[in-house]
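Spelled out, the chains give:
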Amino acid sequence: MNSTTTAFKIDAGTKIGHVALKVANLAKMTTFYQEVIGLSLLASNEQESVLGVGQTTLLRLRKITEPLPLTRRTGLYHVAFLLPTRRDLGNALFHYLQVEAPLVGASDHGYSEALYLTDPEDNGIEVYHDKERSQWDIRADGEILGVTEPMDAEGVLGAADRNWTGFVPETTVGHVHLKVADLVASDIFYTEIMGLTLTSNFGSQAKFFAAGDYHHHLGANNWLGANVPPMEEHDLGLDYYTYQVPNAAELTRLAEHFKANGVDFKAEPNRLTVTDPNDIVVVVEGK
């Protein structure tokens, strides 16, 4: 990979698309994401389940043979489902308490309020809503400062109308947080090659990146330690995750940028596939 000579920025309208997981027990995981988390089943067969909201795919579950459990490897730290309002988060929390969902935390991050859960195969999940941008702590240089404080659970529950029918149709995957082996190499890849902006920097421990002026579409941490091994074919956990760019022209521009910088990638109709420095597969799709 050659160093870039000009600052490349991906289109500000770029968002996260969906996350794909490799799973051992497809039926159990499908039921969990439907009945506990709040996704709808869009399609399924013996090998795969596609879940989301409306007609929008947010999660794919793929059954693998001879699975190996999650270990100290790179991959998914959590997938974060973004709800449009505090009321929606309150409805989710009310539901999670009713069904005794595996809640492991609840935090106020300054720019968002978030619930944290773990699925039956130890993948992390965040369910959150964003606060109004006027409440975000944005420095003059553009850095968006986050905090980790206890969430006002009573306030969130108080915002609920307790009309839970699953995630509302406007729900998206707001961001993905990764476990990486090399934070410096990840920073270079996601800023110089993918064209994201470093929005919050926790130095040698974690970094957060976004397209446009969002607080983050991607988090990366090395809390497992430096140089952890990458996932292998039969490891449970992250299969790949996707970005959606606004149009085919942006996909072409990104492909040309990859070529100019010596990046190996696979081009298919309306999608590009590339591997980051941690052997994590990244797919970019056009609309």
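Provided above is the structure to which this section pertains.
A brief look at the structure comes next. (Residues numbered from 1 in each chain as written. Predicted model: local features only at pLDDT ≥ 70, side-chain atom pairs only at ≥ 80, totals over all residues. Heavy atoms only, no water.)

Attention now moves to the sheet that holds strand β13 (residues 197–202). An order of β11-β6-β7-β8-β5-β12-β15-β14-β13 is seen for the nine strands of this open sheet, with the pairing classed as mixed. Strands with a single pairing partner mark the edges of an open sheet, and in this sheet they are β11 (149–150) and β13. Note that β13 and strand β14 (residues 206–210) share five bridges and pair antiparallel. The partner of asparagine 201 across the bridge, within β14, is lysine 207. (Pairing = 2+ DSSP bridges. Helix = DSSP H or I, 4+ residues; strand = E, 2+ residues; numbered from the N terminus.)

On to the pairing of strand β5 (residues 75–83). Where burial is concerned, most of β5 is hidden: eight out of the nine residues are buried. For β5 and strand β12 (residues 172–179), the ladder comprises seven bridges, and the chain directions are antiparallel. By the bridge assignment for β12, glycine 75 is matched with lysine 179. (Buried < 20%, exposed > 50% of the residue type's maximum accessible area, 1.4 Å probe, protein only.)

Strand order across the open sheet formed by eight strands is β2-β3-β4-β1-β16-β19-β18-β17, with mixed pairing between neighbours. The strands lining the two open edges of the sheet, one partner per strand, are β2 (40–44) and β17 (265–268). Pairwise comparison of adjacent strand axes, ignoring direction, gives a mean angle of 20° for this sheet. Note that β2 and strand β3 (residues 48–53) share four bridges and pair antiparallel. Following the sheet pairing, serine 40 is matched in β3 by glycine 52. Here helix α5 (residues 248–260) sits on the sheet and contacts β16 (237–245), β17, β18 (271–275) and β19 (281–286); the angle it forms with β18, its principal contact strand, is near 35°. (Axes fitted to C-alpha atoms, helices over the stretch in contact; angles between N-to-C directions. Contact = heavy atoms within 4.5 Å.)

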